[in-house]
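Chains, contacts and geometry: an overview
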Amino acid sequence: MTVRAVVCPEYGTPDVLRIEQRPVPVPGAGQVRVRVRAAAVNFPDVLLIGGKYQIAVPPPFVPGSEFAGEIVELGPGCAGRSVGDRVTGTGLYGAFADQIVSPAENLTPVPDGVDDHTAAAFGVAYRTAYHCLRSVARIGPGDIVIVLGAGGGVGLAAVQLAVALGAEVVAVASSAAKLATAHSYGATRLIDHRDGTLREQLRTAVPDGAAAVLDPVGGDLSEPALRSLGRGGRFVTIGYASGTVPRIPLNLVLVKGLHILGFQFQDIEPAEFARNEQELTDLLASGRISPHIGAVFPLEQAAVALGEVAAGRAVGKILLDPAA
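You'll find the protein entered in an unreviewed UniProt entry as NADPH:quinone oxidoreductase family protein, with Nocardia flavorosea given as the organism.

Okay, a nonpolar patch on the surface next. Nonpolar side chains collect at one region of the surface, where I55, L92 and Y93 lie side by side and expose about 270 Å² of accessible area between them. Under the relative-accessibility criterion, Y93 is labelled partly exposed at 44%.

The subject of this paragraph is the pattern of salt bridges. Within the structure shown, the criterion is met by 18 salt bridges. Residue R4 is joined to D98 by a salt bridge in which the shortest nitrogen-to-oxygen separation is 2.9 Å. Here D98 lies in the loop between β5 (86-90) and β6 (99-103) and R4 lies in strand β1 (residues 2-7), a separation of 94 residues in the sequence. Exposure remark for R4: the relative accessible area of 17% places this residue in the buried category. Each of R4, D98 and E300 takes part in one network of salt bridges that share partners.

On to the UniProt feature "domain: Enoyl reductase (ER)" (unreviewed entry) in the protein. Annotation from UniProt places "domain: Enoyl reductase (ER)" (unreviewed entry) at residues 12-320. Spanning residues 12-320, this segment combines 31% helix with 27% strand, and its end C-alpha atoms are found 20 Å apart.

What follows covers the side chain of T181. Position of T181 among the secondary structure elements: in helix α4 (residues 176-184). For T181, the side chain forms a polar contact with the main-chain oxygen of A177, separated by 3.0 Å. Contacts of T181, omitting those with residues within four sequence positions, involve L156, H292 and V315.

The next thing to look at is the domain arrangement of the protein. In terms of domains, the protein is made up of domain 1 (2-110 + 292-321) and domain 2 (125-267). Each of domain 1 and domain 2 has a C-alpha centre, and the two are 29 Å apart. Contacts between the two partners involve nine residues from domain 1, matched on the other side by twelve residues from domain 2. For the pair domain 1 and domain 2, the summed buried area comes to about 730 Å², and 55% of that belongs to carbon and sulfur atoms. At the boundary of domain 1 and domain 2, one finds zero salt bridges. On the surface where domain 1 and domain 2 come into contact, there are three residue pairs in polar contact (both at pLDDT 80 or more). Grouping the amino acids of the side of domain 1 that touches domain 2 by side-chain chemistry returns three nonpolar, three polar and three charged.

The rules we used
Residues numbered from 1 in each chain as written. Predicted model: local features only at pLDDT ≥ 70, side-chain atom pairs only at ≥ 80, totals over all residues. Heavy atoms only, no water. Patch = residues over 30% accessible without salt bridge, like charges linked within 9 Å, V, L, I, M, F, W, Y side chains within 5 Å. Areas by Shrake-Rupley, 256 points an atom, 1.4 Å probe, with all protein chains shown as cover. Salt bridge = Lys/Arg side-chain N within 4 Å of Asp/Glu carboxyl O. Buried < 20%, exposed > 50% of the residue type's maximum accessible area, 1.4 Å probe, protein only. Helix = DSSP H or I, 4+ residues; strand = E, 2+ residues; numbered from the N terminus. UniProt positions renumbered as here; feature names shortened; annotations may be inferred. Polar contact = N/O pair within 3.5 Å; in protein donor to acceptor, adjacent residues only side chain to side chain. Contact = heavy atoms within 4.5 Å. Domains from an automatic or database assignment. Buried area = accessible area lost by both parts, 1.4 Å probe. Nonpolar A, V, L, I, M, F, W, Y, C, P; charged D, E, K, R; others polar.

Listed below in structure tokens is the structure:
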């Protein structure tokens, strides 16, 4: 028997991808085989295919770092797991396929009432945004938060979650459609950074300065956003979807006593991490938060889906559905 998989035969742009039939993967000790019902498309997938990610995977490989589905086979030593369990999982690669083998410890149960598309779209983006807001930026009720890239996966998640935490959100994005979506999820101040000077627009929108900036974009947006913080404000750098790592004049940090903070999951204290994860699960299970899914593509159109993300056209999350 075989399964379909999207394969990156060599580094390049998403159009190098092709569909192959591969043997059904066999789980080893501590591993399970999962039938993939939905896989999320993330910007690091584009970097990995291009050979530009900080961790290199030699081709050929199956891209895809985030999925939802059900367990169809257990390897030895998987106590607590059962065939038929609905789960989500993450890994560096392998999710753009009909089936994937994953370490059992990397899987999380899908709450009852949550569908596969929602579960796949929720994981990495929402966990990143929530841990950033809760434990790095330390956002609370009444805070003003500037979210760059507010129409993308992490950015739109940050909009929704900041609002859930009682903050007021200034959404910065590159199109009217993205800003309209951010507004529908609670952003109250909307800025298209292509319309005029971002620094001036932020000065008008936040005359007294913001409490925090969440930046998954980098590039030319970072410095004006940093300048828009109030005294003691927190600037959280998450990634560089623009392709450019910004250079920050440190005198800006000195004058206002600002804090520039980087985000990595492993840097969150274990007790805070567990608290955040439980709060996030409760938000999902209760329906208070639901990811915006901008488009769903079949596996055969993986290159198109990745191209949308690479070009910055995606609104919310883009998924691959092997059954589509």
